[in-house]
Amino acid sequence: MKQHIFLASPHMSEEGYEKQYIKEAFDTNWIAPLGKNVTEFENEMVRKLGAGRAVALSAGTAAIHMALKAVGVGQGDIVFCQSLTFSASANPIVYERAVPVFIDSETETWNMSPQALELAFDKYAKMGRRPKAVIVVHLYGISAKIAEIKEICGRYQVPLIEDAAESLGTVYQGRYTGTFGDYGIISFNGNKIITSSGGGMLLVNTEDAQEKAQKVLYWATQAREPAPWYQHTEIGYNYRMSNIVAGIGRGQLKVLDRRVEKKRYILEYYRKHLGDLPGISFMPMPQEAYCNCWLSVLQLAENCPVKPKDIMRALAEDDVESRPVWKPMHLQPIFAGCDFVSQVQDLCILEEESGADSSVSGQIFARGICMPSDSKMTDEDLQRICDVVRELWK
Ligand SMILES: *Cc1c(COP(=O)(O)O)cnc(C)c1O
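Here goes a summary of the coordinates provided.

### Looking at empty space enclosed by the protein
Inspection of the entire model under this criterion finds one cavity of 30 Å³ or more. Roughly 50 Å³ of internal volume is contained in the largest cavity. Taken together, 13 residues make up the lining of the largest cavity; nearest its centre are Ser9, Lys192, Ile193, Lys263 and Ser375. Residue classes in the lining of the largest cavity are distributed as four nonpolar, six polar and three charged.

Written as structure tokens, this is what we have:
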């Protein structure tokens, strides 16, 4: 029987580092709360990435929430957020009763279009409004044009939050993603390039990083005031990472570079073995960036007779997992009332069923497919997948 192939699944270190860190935690009874693994995981991440400060949290989503609070987002504020992303990038905006305004992507990086971002700033300036924050995403590990976006935000004096949940290990112009924005966020969810079994981290890169990180720690641990009794002046959250989880994370961080190499190899493999098929292209690889290639994403030309759903069905019949590209937030029923700013004029619906429209993000959604990108795959697995896909072109 053929083995099931996952889209992306946990891949512990070959050396068993994770177990060593967990064992240490057991041996010293530092099961919870906090403990050495948490502090060391933060320190190791700061050193690895060159970030200001790091706060280990229970999820990447929690990290986005804390970043929004740290920049002071509150009721009625607007936040510019990349539309093509996972809903976790945008949901925390609503937790704080603020209003997301979604920004379209560009074809060169699939991420936030600097042009659309300028249009949005312009549009809202005319109404006498300025967003409280901008959230940019490095989708699938492809770097956004982060320097350009940072420059625009700087010009308008609006803090930048970098959702690097999918791009840990991606380098842009010699620097790791997650360290460009005032705040960067990382996820260690089970399907990400490294996993702690679930968790996240907030990177604080502001000049007052120490102070901001302290504030986040306070909110993330139930907002307890320094008093002899339980005293609260603010609403708190239970968002801190546990010492066991951090032990897994520490072990995984040791093999991050190895995982990046394998993910890049997987994309190269698909390129080599499927690239000749008419109508197939691959996710962009911006020149200034060294991408972690978390997921390998194919794109099918508009006139290609094979559709993403055909590939997904054929793979599923062979017990191989694949996924559609994220459905943009501006097309999600839950965000139907939100504004969307695109550089594309006269938007129209292209696909009734999925709701895909003619925006750049809408087209990436309609024509893209996330291929199996599990770092445990062998060449035989990759060959098996490519054979299934090639069959559709016969
Ligand atoms: C996974 C992910 C998140 C959320 O991270 P969790 O750790 O699952 O909460 C946020 N943004 C993007 C783009 C993601 O892919």
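### Some words on the side chain of Lys263
With respect to the helices and strands, the residue Lys263 is situated in helix H9 (residues 256-274). Here Lys263 occupies a buried position and makes no salt bridge, while the nearest side chain of opposite charge, Asp374, is found at 6.5 Å.

### Focus: the site of the ligand
Gly60, Thr61, Glu166, Ser187 and Lys192 are the nearest of the 15 residues found near the ligand. Between the ligand and Thr61, the relevant distance is 2.4 Å, taken from an oxygen atom to a side-chain nitrogen or oxygen of the residue. Contact between the ligand and Glu166: an oxygen atom at 2.5 Å from a side-chain N or O atom of the residue. Expressed as a share of its isolated accessible area of 380 Å², the protein-covered part of the ligand is 93%. Looking at the shell around the ligand, its residues break down into five nonpolar, seven polar and three charged.

### Considerations on the pairing of strand E12 (residues 296-300)
Counting buried residues in E12 gives five out of five residues, a clear majority hidden from the surface. Burial of E12 is two-sided: the residues Ser296, Leu298 and Leu300 facing one way and the residues Val297 and Gln299 facing the other way are all buried. Relative to strand E15 (residues 368-371), E12 runs antiparallel, the two being bridged by four bridges. Residue pairing in the sheet places Ser296 in a bridge with Met371 of E15.

Calculation rules
Residues numbered from 1 in each chain as written. Predicted model: local features only at pLDDT ≥ 70, side-chain atom pairs only at ≥ 80, totals over all residues. Heavy atoms only, no water. 1 Å grid on protein atoms, 1.4 Å probe; cavity = no way out; pocket = protein on both sides within 12 Å on 5 of 7 lines; lining within 4 Å. Points joined across faces, edges and corners; volume = space filled by probe spheres on them. Nonpolar A, V, L, I, M, F, W, Y, C, P; charged D, E, K, R; others polar. Helix = DSSP H or I, 4+ residues; strand = E, 2+ residues; numbered from the N terminus. Buried < 20%, exposed > 50% of the residue type's maximum accessible area, 1.4 Å probe, protein only. Lys, Arg positive; Asp, Glu negative; His and termini not counted. Salt bridge = Lys/Arg side-chain N within 4 Å of Asp/Glu carboxyl O. Near = heavy atom within 4 Å. Polar contact = N/O pair within 3.5 Å; in protein donor to acceptor, adjacent residues only side chain to side chain. Areas by Shrake-Rupley, 256 points an atom, 1.4 Å probe, with all protein chains shown as cover. Pairing = 2+ DSSP bridges.

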